[in-house]
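Take a look at the letters that make up each chain.
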Amino acid sequence: MDFSVKKLASDAGVFFSRAVQYTEEKLGQAEKTELDAHFEGLLARADCTKNWTEKIYRQTEVLLQPNPSARIEEFLYEKLDRKVPYRATNGEILGQYMLEAAKEFGPGTPYGSTLIQVGDCQRRLGGAEREFLQTSSISFLTPLRNFLEGDWRTITKERRLLENRRLDLDACKARLKKAKAAEAKAAVSSFVFPVLCFFSQFFSLLFSLSAEQELRVAQTEFDRQAEVTRLLLEGISSTHVNHLRCLHEFVEAQATYYSQCHHFMQELQKELSRWEFNRSPSADPSSTLPINSLSPETEPLQIEEVQPPASGTRKAKVLYDYDAADTSELSLLADELITVYTVPGMDSDWLIGERGNQKGKVPVTYLELLS
């Protein structure tokens, strides 16, 4: 009990001494030990790193999970050390809705079969998004959070301790200065009142020696704490290297995700275009033409026999890659220029395209006609 009271009284005295020193510094009535320029530069660099890391971390969270309620839920599950429940992505939900709608409308109908194709693509897009979110969280968000919740807390704790050691050091300097002043005053007074001032001079000397001893101890503790803090602050360079590596991994994950999405959508476009332009009129239940309106003597178009008209040919720029479904079609490469024209009796969704000695049908939707 006595030990606790003594410790409490000692801590209260130290706290009071620091409070007085801090107040006098703010009022300009006490001197303050300044840190060297290199140390101040390390402190500024650490603060800058913390501030921008926190902003990047928060905004990356918003990018990966725009829903604030979902972010709060994931945060609570993480703090409770529980597994976050499975949550389907928006693409997966949309794909599931499309597949269920296709069952209702009929998979054999044009709308139903298209819903199946698009719904399957949306599910694959949702799966790619889920993989991207998991990879980014592990490779980018987790290291940033570990720095903010681990390394930065340690740095903050040691900086606060260094500030306390500095206040103690400056308080000791102030006490020593007062002791020296009292000792000098006692020495002057001893010539006037030699007997009475003897004891005053003696106690002033003891007080001065005690203050010098306290100053040496405070200086040693301050130097030791400054060295510990300096080593932690210099570790910010290693933090930058680690965050740089994580940033590269985040960009790689993002590039992979967008590449997958682009590939899935290109495949979907080709499937839909091939189905749209290759289906026969008799297979389309929405067609208003009777089946017997097609003459049985009608022969398929022979591309080799088609001749370009004397006028009416145009240049066209290819928008997307296109793989020919049969020998009557012409394969296309994006951004190339070809010559196109129409022939009588040909479906309006198709044109005849020529590239050098190559000739074949090309879909209009894959072209940009130039004047």
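Now for a quick tour of the structure. Along each chain, the written sequence defines residue order, and numbers are assigned to residues from 1. Restriction of local features to residues with pLDDT of at least 70 applies here, the model being predicted, together with a cutoff of 80 or more for giving and counting side-chain atom pairs; totals for whole chains, interfaces and linings are based on all residues. Note that the side-chain values use all heavy atoms of the structure and ignore hydrogens as well as water.

**Quick notes on the overall build of the protein chain**
Strands are runs of DSSP state E lasting at least 2 residues, helices are runs of H or I lasting at least 4, and numbering of each runs from the N terminus. Check the secondary structure of the protein chain and you find seven helices and five strands. Here's how the labels work: a residue is buried when its accessible area is under 20% of the maximum for its type, exposed when over 50%, partly exposed in between, all with a 1.4 Å probe on protein chains only. Relative to its full complement of 371 residues, the protein chain shows a buried share of 29%. Should any heavy atoms of two residues lie within 4.5 Å, those residues are considered in contact. Put simply, 69% of the contacts in the protein chain that link residues at least 6 apart link residues at least 24 apart. Per-residue and other accessible areas were derived by the Shrake-Rupley procedure at a 1.4 Å probe size, with only the shown protein chains allowed to occlude residues. When the accessible area of the protein chain is evaluated, it comes to approximately 24,400 Å², of which 58% is carbon and sulfur surface.

**Considering the packing of aromatic side chains**
Note on ring pairs: Phe, Tyr and Trp rings are taken, using the six-membered ring of Trp, and paired if centres are within 6.5 Å. Classes follow the plane angle, with under 30 degrees stacked, over 60 edge-to-face and the rest tilted. Tallied over the entire structure, the rule returns eight aromatic pairs. Relative to Phe250, the ring of Phe132 lies with its centre 6.3 Å away and its plane at 35 degrees, an arrangement referred to as tilted. Here Phe250 lies in helix 7 (residues 236–278) and Phe132 lies in helix 5 (residues 110–189), a separation of 118 residues in the sequence. Ring geometry for Tyr320 and Tyr366: centres 5.7 Å apart, planes at 90 degrees, overall edge-to-face. Taken together, the positions of Tyr320 in the loop between strand 1 (314–318) and strand 2 (337–341) and Tyr366 in the loop between strand 4 (358–363) and strand 5 (367–369) put the pair 46 residues apart, joining distant regions of the chain. Lysine NZ or arginine CZ positioned within 6 Å of the ring centre and within 35 degrees of the ring normal marks a charge as sitting over the ring. Here Lys55 stacks its cationic end above the ring of Trp52, 4.5 Å away from the centre of that ring.

**Focus: the sheet that holds strand 1**
Strand pairing requires that DSSP identify at least two bridges connecting the strands. Spatially, 4-3-2-1-5 is the arrangement adopted by the five strands of the open sheet, whose pairing is antiparallel. Both outer strands of the open sheet, strand 4 and strand 5, are each paired with one neighbouring strand and no more. Pairwise comparison of adjacent strand axes, ignoring direction, gives a mean angle of 40 degrees for this sheet. Pairing of strand 3 (residues 350–355) with strand 4 involves six bridges; the strand directions are antiparallel. Note that in strand 4 the partner of Glu354 across the bridge is Lys359. Only the stretch in contact is used when a helix axis is fitted, and all axes are lines through C-alpha atoms; the angle between N-to-C directions ranges over 0 to 180 degrees.

**Here's the deal with the side chain of Gln65**
Relative to the assigned elements, Gln65 resides in the loop between helix 2 (37–64) and helix 3 (68–79). Every residue in contact with Gln65, bar those within four places of it in the chain, is listed here: Ala70, Arg71, Glu74 and Arg87.

**Here's the deal with helix 4 (residues 90–105)**
Between its first and last C-alpha atoms helix 4 spans 22 Å; for 16 residues at 1.5 Å apiece the expected length is 22 Å, and the two agree. Restricting attention to buried positions, one finds in helix 4 the residues Gly91, Glu92, Gly95, Met98, Leu99 and Ala102. One side of helix 4 holds all its buried residues, which, seen down the axis, span an arc of 125 degrees. Away from the buried face of helix 4 by more than 90 degrees, exposed residues Asn90, Tyr97 and Glu104 are located. Trailing helix 4 by a residue or two, Gly106 shows a phi angle of about 105 degrees, which is positive. The span you would expect from a helix comes to 1.5 Å times its residue count less one. Picture the helix axis, draw a direction to every C-beta atom, and the arc is the one those directions span.

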